[in-house]
Amino acid sequence: MPAPVRVPSSTGRGGPLRPGLPRLRTVLTVAGTALVVQRALRRRIRRSPLWPLPALEQPISGRGREAARRAARANGLDGAQPGRPATLRLRVAERTEVADGVVALRLEGERLPVWEPGAHLDLVLPSGAVRPYSLCGEPADAVRADGGSYTLAVRLIEDGRGGSREVHEVLRAGMTVEVRGPRNRFPLEDCHAYLFVAGGIGITPILPMVRQAEAEGVPWRLVYAGRSRASMPFLAEVEKLAGGGAGGAGGERLTVVAEDVDGRPDLAAALADAPPHAAVYCCGPEPLMDAVADLLPDGPAGLTLHTERFAPTATGPAAAGGADGASDDVAFAVELRRTGRTVTVPAGTSVLRAIREQALPDLAYSCEEGFCGTCQQRVLAGEVDHRDALLTDAERDDSLLVCVSRAKRGSGLVLDL
C-alpha cells in the first residue's frame, strides 16, 4: 500500500494558525495572480481572436506578404508566402505524348510537398505566363527516396491564350521550370460510392481519384468521353483499372464514349444508375459540367456534385456586358486598409491590375480568370459583384477574387490589404 501523505501544518511567526483561517497575505497573493492572468488572457485574445490557436507571425494579406517573402528567400524558399506554397524549381525529366494533342510532363525535384487527388500546380512558363494544371501521377511519386516527381498533362488548345502552345512548343526534357503548389480546390471527400465523369483532358484530376477509390475498395463508376479514342489520355490505364477490380468487368464500372463513333454520353442514364447519396465528381468542358449539374436533381436522392473549372465561365467579366458585348463596368475606389492607400479601379480594369499598378506590385495572382483562388482577398466593407465560379457562398460573405470581381455599381470596397 502506498505510504500515507502527511499534510504539514501552516505555521508563522505567531505560531500555528487555526484551521480554515488562511492568512490575508495568501488571499491577496492569489487574488493578485488571478488578476494578472486575466489581463494577460484578455491581451492574448485581442491579438488572436482564435486563441488558443497560434497567431500568425505575419498577416496573410498586405505588407506582411512581402516581409514573408524576404524571410523565405533568406531560408532558400523563394516565393513562399504565409498560407501559400513556395515556388519550386523543377527539371523536366520526361516529356511524352500520351494522346493526340496531349503531352505529359514529369517534373523532378527534391523535398517535394505531398499532394492528394484533385490537387493542381501553377506552372510558371518561360514567358512568365502562369497556368494551372492538375496533377495526374501517383501521389507517392513526390516522396520517392530516389527523387520526387510530379506529372502533368496538357492538351494543346488552338484558340487558347497561348499557355498550352508554349508547353507544347517550348518545354523540353532537361529544361528547368518553376511551379507553385501543389494546392487543392477539388479534394476527394470520403463517400460510400463515387460516380466520376470526365471529358477529354478533364481526366487528369479524376484519374488519381479513381486510383484511390480502387485502392481503398470504394465502389466507383467512370464515364469517360472524348472526341475520339486516340484523343483520350490515359485511356489504357483507365480500362485496366476498371477491369482489375474484384468481381467486376470493365463494362460495369467504365463507360468510354468516343464521340466520333458513339455520339454524346448518356449522362442522364449514368446519374440514374448512381447509388443514392453518392459523390459525383466531374471535370471537362463547360457544356459537360453544366449538363451534369442540370441533370443532378433528376438522379437518385442525395447525390452531391463536385466540379473543377480551369476556364473562364459566364460569370466572368464578359458576362457583365449587354447583348452587344459592351461592358457596363464603371470606375470605383478600393481602400487598402493595412497599406493606408486608396486606388482607383477604372472601367475595364481589374481590381488586381489596379492594385498592382498603384500600390502593391507584388500582390499574388495566377490565372486572372477567377478559378484558381490565388488572389482571394478579405473584404472589410462594400458590396461585391462576384464574377467567379470558385468561391462558396460562405466565402463570398467576406472575400472576393480581385482578378475578376468588382464593386457593385455605386459602391466602393475596403480590403484587408
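Residues numbered from 1 in each chain as written. Predicted model: local features only at pLDDT ≥ 70, side-chain atom pairs only at ≥ 80, totals over all residues. Heavy atoms only, no water.

### Quick notes on the overall build of the protein
On a plain count of helices and strands, the protein comes out with eleven helices and 18 strands. Relative to its full complement of 417 residues, the protein shows a buried share of 44%. Counting every atom, the protein has about 22,200 Å² of accessible surface; 53% of that belongs to carbon and sulfur. (Helix = DSSP H or I, 4+ residues; strand = E, 2+ residues; numbered from the N terminus. Buried < 20%, exposed > 50% of the residue type's maximum accessible area, 1.4 Å probe, protein only. Areas by Shrake-Rupley, 256 points an atom, 1.4 Å probe, with all protein chains shown as cover.)

### Observations regarding the sheet that holds strand S7 (residues 194-199)
Judged by pairing direction, the sheet is parallel, and its five strands sit side by side in the order S9-S8-S7-S10-S11 without closing on themselves. On the outer flanks of this sheet lie strand S9 (254-258) and strand S11 (304-307), each paired with one strand and no other. Ignoring which end each strand starts from, the neighbouring axes of this sheet average 15° apart. Judged from the four bridges that link them, strand S10 (residues 279-283) and S11 form a sheet pairing that is parallel. In the sheet register, Tyr281 faces S11, and the bridge partner there is His306. (Pairing = 2+ DSSP bridges. Axes fitted to C-alpha atoms, helices over the stretch in contact; angles between N-to-C directions.)

### Considerations on the pattern of salt bridges
If you walk through the whole model with that rule in mind, you get 21 salt bridges. With its nearest N and O atoms 3.2 Å apart, the salt bridge here joins Arg144 to Asp146. (Salt bridge = Lys/Arg side-chain N within 4 Å of Asp/Glu carboxyl O.)

### Regarding the environment of Glu237
Counting through the fold element by element, Glu237 comes out in helix H5 (residues 235-243). Given a relative accessible area of 29%, Glu237 falls into the partly exposed group. The residues contacting Glu237, other than those within four sequence positions of it, are Leu207 and Arg211. Engagement of the side chain of Glu237 in a polar contact is seen with the side chain of Arg211, the distance being 2.7 Å. (Contact = heavy atoms within 4.5 Å. Polar contact = N/O pair within 3.5 Å; in protein donor to acceptor, adjacent residues only side chain to side chain.)

### Details of the packing of helix H4 (residues 203-216) against H5
Orientation of H4 relative to H5, taken along the N-to-C sense of each, is 25°, at an axis distance of 11 Å. Relative to H5, the element H4 is oriented roughly parallel. Between H4 and H5 the crossing geometry is left-handed. Contact residues: H4 offers Ile203, Leu207, Val210, Arg211 and Glu214, while H5 offers Glu237, Val238 and Leu241. Residue composition of the contact of H4 with H5, grouped by class: five nonpolar, no polar and three charged. (Parallel < 35°, antiparallel > 145°, perpendicular 65-115°, else oblique. Left-handed = near helix turned anticlockwise from the far one by under 90°. Nonpolar A, V, L, I, M, F, W, Y, C, P; charged D, E, K, R; others polar.)

### Concerning the nonpolar core
Counting residues in each nonpolar core, the largest one holds 30 residues, and the members touching the most others are Tyr194, Phe196, Ile203, Ile206, Trp220, Leu222 and Tyr281. Of all elements in the fold, only S7, H4, strand S8 (220-226), H5 and S10 reach the threshold of two or more residues within this core. If one sorts the elements of this core by residue count, H4 sits on top with six residues. Setting aside chain neighbours within four positions, we find Tyr281 in contact with Phe186, Pro187, Leu188, Glu189, Tyr194, Leu195, Phe196, Val197, Ile206, Met209 and His306. Core analysis: the next-biggest nonpolar cluster, separate from the first, contains 26 residues, Leu336, Val351, Leu360 and Val379 among them. (Core = buried A, V, L, I, M, F, W, Y, C linked by side-chain atoms within 4.5 Å.)

### A look at the environment of Arg264
You can see Arg264 is positioned in the loop between helix H7 (259-262) and helix H8 (267-272). Note on Arg264: relative accessible area 70%, which makes it exposed. Separated by 37 residues in the primary sequence, Arg264 and Arg227 place their C-alpha atoms 9.4 Å from one another. Beyond its immediate sequence surroundings of up to four residues, Arg264 is in contact with Val257 and Glu259.

### A closer look at the side chain of Ser411
Note on placement: Ser411 falls in the loop between strand S17 (406-407) and strand S18 (413-415). Take Ser411: its relative accessible area is 16%, and that puts it in the buried class. Engagement of the side chain of Ser411 in a polar contact is seen with the backbone nitrogen of Glu383, the distance being 3.2 Å. If near-sequence neighbours (up to four positions away) are discounted, Ser411 is found in contact with Phe332, Gly382 and Glu383.

### Re the packing of aromatic side chains
Taken as a whole and assessed by the stated rule, the structure comprises four aromatic pairs. Geometrically, the ring pair formed by Phe186 and Tyr281 is tilted, given 5.5 Å between the ring centres and 55° between the ring planes. Here Phe186, found in the loop between strand S6 (176-183) and S7, pairs with Tyr281, found in strand S10; they are 95 residues apart in sequence, far enough to count as distant. The buried category is assigned to Phe186, whose relative accessible area is 2%. Each ring, one from Tyr194 and one from Phe196, has its centre 5.5 Å from the other, and the planes form 15°; the classification is stacked. Taking the relative accessible area as the measure of exposure, Tyr194 reaches 4% and is therefore buried. Here the aromatic cluster, defined as three or more aromatic residues joined through ring pairs, consists of Phe186, Tyr194, Phe196 and Tyr281. (Phe/Tyr/Trp six-rings, centres within 6.5 Å; stacked < 30°, edge-to-face > 60°.)

### Topic: H4
Given 3.6 residues per helical turn, the α-helix brings residues three or four places apart onto the same face. For H4, built from 14 residues, the straight-helix expectation of 20 Å at 1.5 Å per residue is met to within 8% by its first-to-last C-alpha distance of 20 Å. Burial analysis of H4 places ten of its 14 residues in the buried class, which makes it a mostly covered element. Inspection of H4 places Ile203, Thr204, Pro205, Ile206, Leu207, Pro208, Met209, Val210, Arg211 and Ala213 among the buried residues, and these make up the whole buried set. The elements touched by buried residues of H4 are strand S4 (130-134), strand S5 (148-155), S7, S8, H5 and S10. (Expected span 1.5 Å × (residues − 1).)

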